[in-house]
Amino acid sequence: PDFFTAKLAEEIVNRKGQAAVIAATNIFAHLADLHDAARAINVLLKQGGVFVIEAPYLVDLINNLEYDTIYHQHLRYLSVKPMLKFFAMHGMEIFDVEKVNIHGGSLRIFVGRKGERQVSPNVQKFLDLEEKEQIYLIARLRKFANDVKEHKKQLTEMLHSLKQQGKRIICVSAPAKGNTLLNYCRVNSEIIDYATEKSKLKQGLYTPGTHIPIYGDEKLLEDTPDYALILAWNFAEEIMRNLGHYKKRGGKFVIPIPKPRIV
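Note that this is a predicted model, so its numbers are computed, not measured. (Residues numbered from 1 in each chain as written. Predicted model: local features only at pLDDT ≥ 70, side-chain atom pairs only at ≥ 80, totals over all residues. Heavy atoms only, no water.)

(A) Examining the side chain of Ser-173 more closely. Mapped onto the elements of the fold, Ser-173 is located in the loop between β5 (169-172) and α7 (176-185). On the basis of relative accessible area, Ser-173 is assigned to the buried category, the value being 8%. In this structure the side chain of Ser-173 is engaged in a polar contact, spanning 3.5 Å, whose partner is the backbone nitrogen of Leu-231. With sequence-adjacent residues up to four places away left out, Ser-173 is seen in contact with Thr-196, Glu-197, Ile-230, Leu-231, Ala-232 and Ile-239. (Helix = DSSP H or I, 4+ residues; strand = E, 2+ residues; numbered from the N terminus. Buried < 20%, exposed > 50% of the residue type's maximum accessible area, 1.4 Å probe, protein only. Polar contact = N/O pair within 3.5 Å; in protein donor to acceptor, adjacent residues only side chain to side chain. Contact = heavy atoms within 4.5 Å.)

Here it is, written out as structure tokens:
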């Protein structure tokens, strides 16, 4: 139970030996000192071993307007081109990349020591995609910024219109990304009656900044408000399945990303 550093990696090797596989699932983008982490991987990884990263993909973040995932825990947003250069600095290379659908589109990146494995054509495929999508051009990032502003306008207009019609709106789930969305769009307790959450750790508390009270999911089923805004939109299908009784009673879901829509 400690931060992953080169010093800790040496202690682990002394106690347990080296690892054949090191997996970093939704953590690599959180690390403060990537260079020390790379040194730690070199210490801990066996010859022929594999380091696997899974993290949201910058291309999807930009194209699907996933701006609510930009918040303090995420210190960087990953793509293949800079990652290739980074690992080369530490005597390692990316030998394969695959796309997974979790969190609105993520990459699974496979890293080994330089020259130990044949490099898959997938690596070049993603490099070509990044060039095609122009994610390294300032003009594309400016367009993203303007698209985010337009998204905020669309979402707030939709919610205000529903409220003016006398509809009751609540939030389902209270993830970190949801609180980014609520605060940026200034959607507060004047629009949202309450939020519900499966996690008992959040029940009985309030959403930070917008002060919306959080209850258990059972309140949604007891109360049956008109609309439920799904803040954990990356798990929308699963949430809607779990809350199928709410929909059967006439409740409707609002999915905010990539474009606000009612289900």
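Next comes the rest of the write-up.
(B) The environment of Lys-143, seen in detail. Within the secondary structure layout, Lys-143 lies in helix α6 (residues 138-164). A residue is classified by how much of its surface remains accessible, and Lys-143, at 46% relative accessible area, is partly exposed. Along the sequence, Lys-143 and Ile-62 sit 81 residues apart, while their C-alpha atoms lie 9.4 Å from each other.

(C) Here's a closer look at the packing of aromatic side chains. Within this structure, the stated rule accounts for ten aromatic pairs. Taking the centre distance of 6.3 Å and the plane angle of 70° together, the rings of Phe-51 and Phe-87 count as edge-to-face. Taken as a pair, Phe-51 in strand β2 (residues 45-56) and Phe-87 in helix α4 (residues 80-88) lie far apart in primary sequence, 36 residues in all. Take Phe-87: its relative accessible area is 0%, and that puts it in the buried class. Joined through ring pairs, the aromatic side chains of Phe-28, Phe-51, Phe-86 and Phe-87 make up one cluster. When the ring centre of Trp-233 is taken as origin, the NZ or CZ atom of Lys-177, which lies over that ring, is 4.4 Å away. The ring of Tyr-194 has Lys-219 lying over it, and the distance from NZ or CZ to the ring centre is 4.9 Å. (Phe/Tyr/Trp six-rings, centres within 6.5 Å; stacked < 30°, edge-to-face > 60°. Lys NZ or Arg CZ within 6 Å of the ring centre and 35° of its normal.)

(D) Region of interest: the sheet that holds strand β8 (residues 227-230). Spatially, β7-β6-β5-β8-β9-β10 is the arrangement adopted by the six strands of the open sheet, whose pairing is mixed. At either margin of the open sheet sits one strand with a lone partner, and together these are β7 (214-216) and β10 (261-262). Judged from the three bridges that link them, β8 and strand β9 (residues 252-255) form a sheet pairing that is parallel. Looking across to β9, one finds that Tyr-227 is bridged to Lys-252. Taken strand by strand, α6 contacts β5, β8, β9 and β10, and its axis lies near 135° from that of β5. (Pairing = 2+ DSSP bridges. Axes fitted to C-alpha atoms, helices over the stretch in contact; angles between N-to-C directions.)

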